[in-house]
2 protein chains.
Amino acid sequence: MKQALGIDVGGTKICASVINEKGEIITEVEKYETPKSLNGIKDIFKNIISKYENDVTSVAFATAGAVNNECSKVISSTGNLVEGYRTIEFTKLSNKPVYVENDANAAAWAEHIIGASKGMANSIMLTLGTGVGGGIILNNKLYKGKSGSAGEMHFKMYPDKRRHCTCGSYDCFEAYASGTGLKITAEEMLNDKNVTTYDVINSLKANDKKMTDVFNKWQNDILMGTIGLCNIFDPDCVVFSGSMAQFIDTDYIEKETNSQIVTQPTKILKAQAGNYSGMIGAALLALGVN
Amino acid sequence: MKQALGIDVGGTKICASVINEKGEIITEVEKYETPKSLNGIKDIFKNIISKYENDVTSVAFATAGAVNNECSKVISSTGNLVEGYRTIEFTKLSNKPVYVENDANAAAWAEHIIGASKGMANSIMLTLGTGVGGGIILNNKLYKGKSGSAGEMHFKMYPDKRRHCTCGSYDCFEAYASGTGLKITAEEMLNDKNVTTYDVINSLKANDKKMTDVFNKWQNDILMGTIGLCNIFDPDCVVFSGSMAQFIDTDYIEKETNSQIVTQPTKILKAQAGNYSGMIGAALLALGVN
């Protein structure tokens, strides 16, 4: 069975492992803190690749930032990684073919092949973490748009509220549906600058009324965005992944979505491909598993 | 050259003409008021088809309502047409192959083949009229979703405003960006129930300050929706069509969109395939022109 070296490059961690065509992780996952310097990042890439490249048919990166349609380089910078990150010539890092994909896109592909959206031609994945990532699978293919950067979940939720968004604009879905969005919703509703995402989640268990209202507002904003995506895409499913996805009531969102959309009923699911879905999805893409 | 009979079925009018592979209208366009009865509609279909079917290789319908992925029947009712419309067995109406497509989808295809988005792989068309229609072309193919009903531009604009939408839900893009949306925005801003879309448009020419503010609010809502679609799809272009599109400043929307999106720059264009683009696009689809 063919296998690829999967390398996941995030703002805080770099992970790597050899992955086979079934999407199975077959070496212990190596983990590094993401260096603050470009050379530091390149050194980690070199070390990992030299260790494994003889055992694999290709090297697959799942990375923060948008990746071009040729899957060879990062085309838009990401605030989480050092300046100059997108100058890296990924294809020159190994003697083996190198494949690069955006981490949210790669994770959506892992769900499509081995996870929650397996067997479904059209799915949207929303990764709810500090920010919001998006991956779009249409007609059993990853949809990348004209440049490779499609799937940015920066559509306006409340274009009159002027809540700042990480994209430089304001009022985007990400600014409401992310973990950071939950904190800001809590700040606004409780008039308390010091409240944290953790405070909200933790108080839910104690049935705190105010915190439950905050959580419900956050979840309702996610529902509103989901309804729009279902009317636009008529997908087989929407998959929620990321650290914040565990708190969402997908049954509730599915019921409400299907009662409001004009397209046909959609499944709302939680991701199943695990914490390394980005690395796994990139490897599956590099191995041509579809 | 092959030719198809194109039939456009709208809430107020039914139009028909023979159309060739170049998208040229080659018989005088027949026009009928849309009957209020199902049998009345069927009778018009029969008359048109019997007159032309010997001259064409196929019969192509562009119709209100969502159409299934097999392009054979209407799957969701449309408020503008009589009850039971979707029970029509289109494929049995002629001895020739019959092809059915949603009118907004068909119009988007006409723009893709002979109009504003010609030569571009990924385009979104927004038809601004009494309501808002949507057509999505991705990777040079019409995107229809799991059931055929994709491209419904019912994503939430202001999920807290409770402006009713024709879809049965509220606060959708359609409820703001349509001609009807402009009237309601005018009602709200001017506190006048009797103001019309025509009043706003007409007063623009006279540089009326209040009406200009209303128009700018409407156009800004369209801009907000466009930014979201460009971040989601990273399209080559967004094409505005329909009776309200003529009033939009596409240069302004293009400049503002490209200053706010995180994806790569997009063209904002006005439709060029004319008033019969739905009929033409359906014929081109039926003739396999791509």
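No experiment lies behind these values; they were computed from the predicted model shown.

1. A closer look at the side chain of E30 of chain B
Residues and elements named next belong to chain B.
No. 1: Within the fold, E30 resides in strand β3 (residues 30-33).
No. 2: For E30, the side chain forms a polar contact with the side chain of Y32, separated by 2.3 Å.
No. 3: Only 2.7 Å separates the side chain of E30 from the side chain of Y52, close enough to count as a polar contact.
No. 4: Among all residues touching E30, those that are not within four sequence positions of it are I14, C15, A16, K51 and Y52.

2. Observations concerning the sheet that holds strand β12 (residues 267-270) of chain A
No. 1: The strand order β10-β9-β8-β11-β12 (chain A) describes an open sheet built from five strands, whose pairing is mixed. Each of the sheet's edge strands pairs with one partner strand only, and the pair in question is β10 (141-142) and β12 of chain A.

3. Examining the nonpolar core
No. 1: Counting 90 residues, the largest nonpolar core has M153, F233 and F240 of chain A together with M153, F233 and F240 of chain B as its most contacted members.
No. 2: The contacts of F240 of chain B, once residues within four sequence positions are left out, are L126, L128, I222, T226, A245, I248, T250, I253, I268, L269, K270 and A271 of chain B.

4. So, the relation of the copies chain A and chain B
No. 1: Rotating chain A by 180° about the axis while translating it 0.0 Å along that axis superimposes it on chain B, leaving an RMSD of 0.0 Å. Both copies are brought into coincidence by an operation consistent with a two-fold rotation axis. Among all residues of chain A, the one whose C-alpha sits closest to the rotation axis is Y158 of chain A, at a distance of 2.5 Å.
No. 2: Mapped onto chain B, 100% of the interface residues of chain A again fall at the interface, so both copies present the same surface.

5. Considerations on the interface of chain A and chain B
No. 1: Contact with chain A, which involves 43 residues of that partner, is made by 43 residues of chain B.
No. 2: Of the roughly 3500 Å² buried at the junction of chain A and chain B (both faces included), carbon and sulfur atoms supply 57%.
No. 3: When the buried area of chain A at its contact with chain B is split by residue, Y143, K146 and I232 of chain A rank highest and sum to 21% of it.
No. 4: At the junction of chain A and chain B, the tally comes to four salt bridges.
No. 5: K146 of chain A is paired through a salt bridge with D234 of chain B; the nearest N and O atoms lie 2.7 Å apart.
No. 6: The interface formed by chain A and chain B holds 30 residue pairs in polar contact (both at pLDDT 80 or more) in total.
No. 7: Contributions of two or more residues to the side of chain A that touches chain B are made by β9 (132-138) and α6 (209-233) of chain A.
No. 8: A total of seven residues in the side of chain A that touches chain B trace back to one element, the largest contributor, which is α6 of chain A.
No. 9: Of the residues in the side of chain A that touches chain B, the class split is 20 nonpolar, 15 polar and eight charged.

Definitions and limits used
Residues numbered from 1 in each chain as written. Chains lettered and ligands numbered in written order. Predicted model: local features only at pLDDT ≥ 70, side-chain atom pairs only at ≥ 80, totals over all residues. Heavy atoms only, no water. Helix = DSSP H or I, 4+ residues; strand = E, 2+ residues; numbered from the N terminus. Polar contact = N/O pair within 3.5 Å; in protein donor to acceptor, adjacent residues only side chain to side chain. Contact = heavy atoms within 4.5 Å. Pairing = 2+ DSSP bridges. Core = buried A, V, L, I, M, F, W, Y, C linked by side-chain atoms within 4.5 Å. Buried < 20%, exposed > 50% of the residue type's maximum accessible area, 1.4 Å probe, protein only. Least-squares fit on C-alpha atoms with pLDDT ≥ 70 in both. Buried area = accessible area lost by both parts, 1.4 Å probe. Salt bridge = Lys/Arg side-chain N within 4 Å of Asp/Glu carboxyl O. Nonpolar A, V, L, I, M, F, W, Y, C, P; charged D, E, K, R; others polar.

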